[in-house]
Amino acid sequence: MSSLYDFETWEPLLRLLRTAHAQALAVPGGQVSGNIGRGSYSVPVKWRYPPPGRAMLLSDNQEEHDAIERVRDTLAGAGVTDIAFTVEIPPNGAAVLRLFDRSPAVDPGIGSSVGALTLVEGAVPEPWRRLPEPAAGARPAPSVDAALLERTLRERIPDAIGATEEEIAAAEERLGLSLPEEVKALYRVTRARWEDWQDDYEAGERVLGAVGFELCSLEGLAVADLSYRSYFRWEHAATGAVLTGPDDAVQDLVGSPGWIVLGGTGGGDMVAVDLTPGPRGHLGQVIVLDHEQSIGASLWAESLTDLVLGPERNWYTGHRWDKRPVTAIVHDQSIGSIEAAAHPALEVLRIGAWSGAPLSLAPVVRLPRLRTLCAYPGTLADPLEIAALTGLEFLELAPGDWRVLLDAGAVPRSLSAASIQTFGREDPRPIVALADEILALWDRPLITETVVNGDLGPSS
């Protein structure tokens, strides 16, 4: 068995936790919990802060850092991405450490031991299954002028090394599509290879200034399909929706086989030409995929020619938060009733903080497209009404509401994924047990628990 399950691996961290939470742990049954992953962690140690005017240094909390890194190093050696834990340390020091190995069907939690549960192998939320509508009637913008674009770029970067026709043809074969004439003209001027610049940063800056964004090499061209936004959390993605209006220039999608990534803005956002534009868009228009958004893209310019000739423009047009009536949030400060949210097009219903009487789901029972329901604790008048929502693919509830459904055998079998709402540092044991009950209904791998005992000695 890996040293991840050795008491010695955890002992330095447990001693720090006992010092930080002595009062809570001294109470019979008192426990402290946390999560440690290779990329991040949530552990309630007591950090020491520097005096005003000085930045925090690693040495300020060296002991805490070393204790956590000791566990993280062991995670890597065991091939484990993350682990949740809870520990009881009574005054006599007889520690009981419980380690919860995440099932491959369970996402890492955010401030919780358990994230979303994938109940159907390989399932993804509805927005990730949406393909672009055909753009048969789409035409290039009037501003498209590949010859003018090429002349302009050659004037701006006369010393650039361009791609050959054979190299351009190889890129097309690799991508499995024909590149727009503007893109070919761009790469005939510069193939944007770092080795061509021979570590000359100014040469790269000249290309950036000439084109208007950080251009990737011809070999770096890629299609922004779903793999470009492959990492998502079910509990976030399931509450999103794809909604392209008749006046939209860009189709509201997660990814498209017609989005060809040419480079980036320098801030993590991708620049692409769009071969699957929206109803009001143009074939080959320039779009930006915001790295903070998992759905949609922003129109930057109607063509590459337009962008290069007039680069002083802002691609950011604001996020499209309101997608009613497809999504709805019933909340004290938003929609005031389930009746007001009910609409034949409704796909996502979220019930947030609510000070009124508990709500009935009756108004949305027969809605044909409702696929996601998220409800805060205490907001549902009768959780068993959920059983009548036969099209749900994602359900997020508080533990008490899940308990009602499980006890009644009323968990919707249409679900592809589920989530348990938790708030704060709750004892992970009942949450893990609840998650395992839900997973078992679909014969999915369960979260396993390992108990490790050790002696820290009496409190001083």
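That block above? That's the structure.
Attention in this report is confined to the structure presented alongside it. All chains use their own residue numbering, which begins from 1 and follows the written sequence. pLDDT decides what is reported in this predicted model: residues at 70 or higher carry local features, side-chain atom pairs at 80 or more are listed and counted, and totals for whole chains, interfaces and linings draw on all residues regardless. The side-chain figures draw on all heavy atoms in the structure; neither hydrogens nor water molecules are used.

Quick word on the sheet that holds strand β2 (residues 41–42)
Sheets are built from strands that pair by backbone hydrogen bonding, the pairs being arranged parallel or antiparallel. Strand order across the open sheet formed by five strands is β2-β1-β3-β4-β17, with antiparallel pairing between neighbours. One side of each edge strand has no neighbouring strand; the edge strands of this open sheet are β2 and β17 (448–455). Every residue pair with non-hydrogen atoms within 4.5 Å of one another is taken to be in contact. With axes taken as lines fitted to C-alpha atoms, and helix axes fitted only over the stretch in contact, angles between N-to-C directions fall between 0 and 180 degrees. A run of H or I in DSSP becomes a helix once it reaches four residues, and a run of E becomes a strand once it reaches two; helices and strands are each numbered from the N terminus. Taken strand by strand, helix α1 (residues 7–20) contacts β1 (32–37), β3 (82–88), β4 (94–101) and β17, and its axis lies near 60° from that of β3. This element, helix α3 (residues 62–78), spans β1, β2 and β3 of the sheet and lies at about 50° to β1. Strands were regarded as paired on the criterion that DSSP finds at least two bridges between them.

With respect to unusual backbone geometry
Residues other than glycine predominantly adopt negative phi, and peptide bonds predominantly adopt the trans conformation. Here the amide bond leading from Arg-324 into Pro-325 is cis, since omega sits at 5°, within 30 degrees of zero. Examined against the element boundaries, Pro-325 turns out to sit in the loop between α11 (304–309) and β12 (327–330). With phi around 60°, Ala-192 is a residue other than glycine that occupies positive phi space. Along the chain, Ala-192 falls in the loop between α7 (181–189) and α8 (194–197). Positive phi, close to 55°, is recorded for Asp-443, a residue that is not glycine. Topologically, Asp-443 is positioned in the loop between α14 (428–441) and β17.

Thoughts on the layout of surface pockets
Roughly 310 Å³ of volume is contained in the second largest pocket. Buriedness of a pocket was judged along seven lines, with at least five required to meet protein on both sides within 12 Å; pockets are open sets of points on a 1 Å grid over the protein atoms alone, cavities are sets where a 1.4 Å probe fits but cannot get out, and lining residues have an atom within 4 Å of a point. Looking at the second largest pocket, it is lined by 24 residues, and the ones nearest its centre are Asn-35, Ser-40, Asp-82, Pro-108 and Gly-109. Broken down by secondary-structure element, the contributors of at least two residues to the lining of the second largest pocket are β1, β2 and β3. Residues that form the lining of the second largest pocket fall into these classes: 11 nonpolar, 10 polar and three charged. Grid points are joined across faces, edges and corners, and a volume is the space filled by probe spheres set on the points. Each residue gets one label: Ala, Val, Leu, Ile, Met, Phe, Trp, Tyr, Cys and Pro are nonpolar, Asp, Glu, Lys and Arg are charged, and the others, such as Gly, are polar.

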